[in-house]
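Structural features, examined
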Amino acid sequence: MSIEIRRTLTLVQTTYEEGGKAVPVPTKLVSAIAIVKNPWFCRGWVENLRPEIQEHGPVLGKVLTDLLLEICGDKIEGCGKASIVGMGGEIEHAQAMTHTLHFGNQFREAVNAKSYLAFTNTRGGAGTSLMIPLMHKDDVGMRSHYQTIHTTVPDAPADDEILIALGASIGGHPLHRIGNRYDDLRDMGRDVDNPAGV
């Protein structure tokens, strides 16, 4: 059964000024969102979610990736993902649609990303806050690209829907000046080749 997509949306946020100071090169945050029918809605406990994951993940990944590429082209630096399942579903349904390489690798491979996709997943009604965390597509230690896209969709998700999103950035957050994980690791005498610091 093919995935039922009710609507897709894109949002572009361009920042020209931050903290009273002009941003020399305006930065962009871009989100691509799909509102889809929850394939597990009203089916009770479903033990194996993989058939729908494998069928729908590549389709949704490509649809959302294509929307981002239409806006950003080859300029994407940061990336992330998020999902919200309606109140008639389980958090696991939201996670199932995004925590799979069938979905995420559509985006990662299109932009040649080396990092994993930062993520959030939650359950809520229409208008629930959607927060898409971002990090640099190639380097998880670059704090300049730790950003969050924050938005809502007033009429989604309905009880029987899942809202699925990919996020991207062109540039880091405006006027970045907090350093990066590598600076901290050097200060602490830790291994700079281990950006997690563990």
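The following refers to the structure shown. Quick caveat, the model's predicted, so the values are computed rather than measured. (Residues numbered from 1 in each chain as written. Predicted model: local features only at pLDDT ≥ 70, side-chain atom pairs only at ≥ 80, totals over all residues. Heavy atoms only, no water.)

Moving on, we get to the packing of helix 1 (residues 50-72) against helix 3 (residues 101-110). Their axes nearest at 6 Å, the elements helix 1 and helix 3 cross at an angle of 30°. Here helix 1 lies roughly parallel to helix 3, going by the angle between them. Handedness of the helix 1/helix 3 crossing: right-handed. Taken together, the residues of helix 3 that come into contact with helix 1 (itself represented by Arg-50, Ile-53, Gln-54, Gly-57, Pro-58, Leu-60, Gly-61, Lys-62, Leu-64, Thr-65, Leu-68 and Leu-69) are His-102, Phe-103, Gln-106, Phe-107 and Ala-110. Of the residues assigned to the contact of helix 1 with helix 3, the class counts are 9 nonpolar, 6 polar and 2 charged. (Axes fitted to C-alpha atoms, helices over the stretch in contact; angles between N-to-C directions. Helix = DSSP H or I, 4+ residues; strand = E, 2+ residues; numbered from the N terminus. Parallel < 35°, antiparallel > 145°, perpendicular 65-115°, else oblique. Left-handed = near helix turned anticlockwise from the far one by under 90°. Contact = heavy atoms within 4.5 Å. Nonpolar A, V, L, I, M, F, W, Y, C, P; charged D, E, K, R; others polar.)

In the case of a regular strand, side chains alternate between the two sheet surfaces. Where strand 1 (residues 5-18) meets strand 2 (residues 21-37), 12 bridges bridge the pair, whose relative direction is antiparallel. By the bridge assignment for strand 2, Val-12 is matched with Val-30. Counting the residues in the hairpin turn of strand 1 and strand 2 gives 2 residues, including Gly-19, whose phi is positive at 60°. (Pairing = 2+ DSSP bridges.)

All right, on to the environment of Gln-147 then. Within the secondary structure layout, Gln-147 lies in strand 6 (residues 147-151). Residue class for Gln-147 comes out buried when judged on its relative accessible area of 10%. Linking Gln-147 and Gly-172, residues 25 residues apart in sequence, is a C-alpha distance of 7.6 Å. Apart from residues lying up to four places away in sequence, Gln-147 is in contact with Leu-29, Ile-132, Pro-133, Leu-134, Ser-169, Gly-171, Gly-172, His-173 and Pro-174. At a separation of 3.4 Å, a polar atom in the side chain of Gln-147 contacts the main-chain carbonyl oxygen of Gly-171. (Buried < 20%, exposed > 50% of the residue type's maximum accessible area, 1.4 Å probe, protein only. Polar contact = N/O pair within 3.5 Å; in protein donor to acceptor, adjacent residues only side chain to side chain.)

What follows is about helix 2 (residues 91-98). All of the buried residues along helix 2 are His-93, Ala-94, Ala-96, Met-97 and Thr-98. The inward-facing, buried residues of helix 2 abut helix 1, strand 3 (78-85), helix 3, strand 4 (118-123) and strand 7 (161-170).

A word on the nonpolar core. Across soluble globular proteins, you tend to see nonpolar side chains buried next to one another. Among the nonpolar cores identified, the biggest contains 30 residues, and Trp-40, Leu-60, Leu-64, Leu-68, Phe-107 and Ile-164 are the most heavily contacted of them. Those elements giving two or more residues to this core turn out to be strand 2, helix 1, strand 3, helix 2, helix 3 and strand 7. For this core, the element with the most residues is helix 1, which contributes 6 residues. Setting aside residues up to four positions removed in sequence, Trp-40 forms contacts with Val-46, Leu-49, Glu-52, Ile-53, His-93, Ala-96, Met-97 and Ile-162. Core analysis: the next-biggest nonpolar cluster, separate from the first, contains 13 residues, Leu-29, Ala-82, Ile-149 and Ala-156 among them. (Core = buried A, V, L, I, M, F, W, Y, C linked by side-chain atoms within 4.5 Å.)

It is worth spelling out the pattern of salt bridges at this point. Counting across every chain of the model gives 10 salt bridges. Glu-52 serves as the salt-bridge partner of Arg-43, at 3.0 Å between the closest nitrogen and oxygen. Glu-52 gets classed as buried once you look at its relative accessible area, which sits at 13%. Of the charged contacts in the structure, one is a salt bridge between Lys-114 and Asp-138, with a shortest N-O distance of 4.0 Å. Here Lys-114 is found in the loop between helix 3 and strand 4, whereas its partner Asp-138 is found in the loop between strand 5 (130-136) and strand 6, with 24 residues between them in sequence. The exposure class assigned to Lys-114 is exposed, which follows from its relative accessible area of 65%. Since its relative accessible area comes to 30%, Asp-138 is described here as partly exposed. One salt-bridge network, in which partners are shared between bridges, spans Arg-6, Arg-7, Asp-155 and Glu-161. (Salt bridge = Lys/Arg side-chain N within 4 Å of Asp/Glu carboxyl O.)

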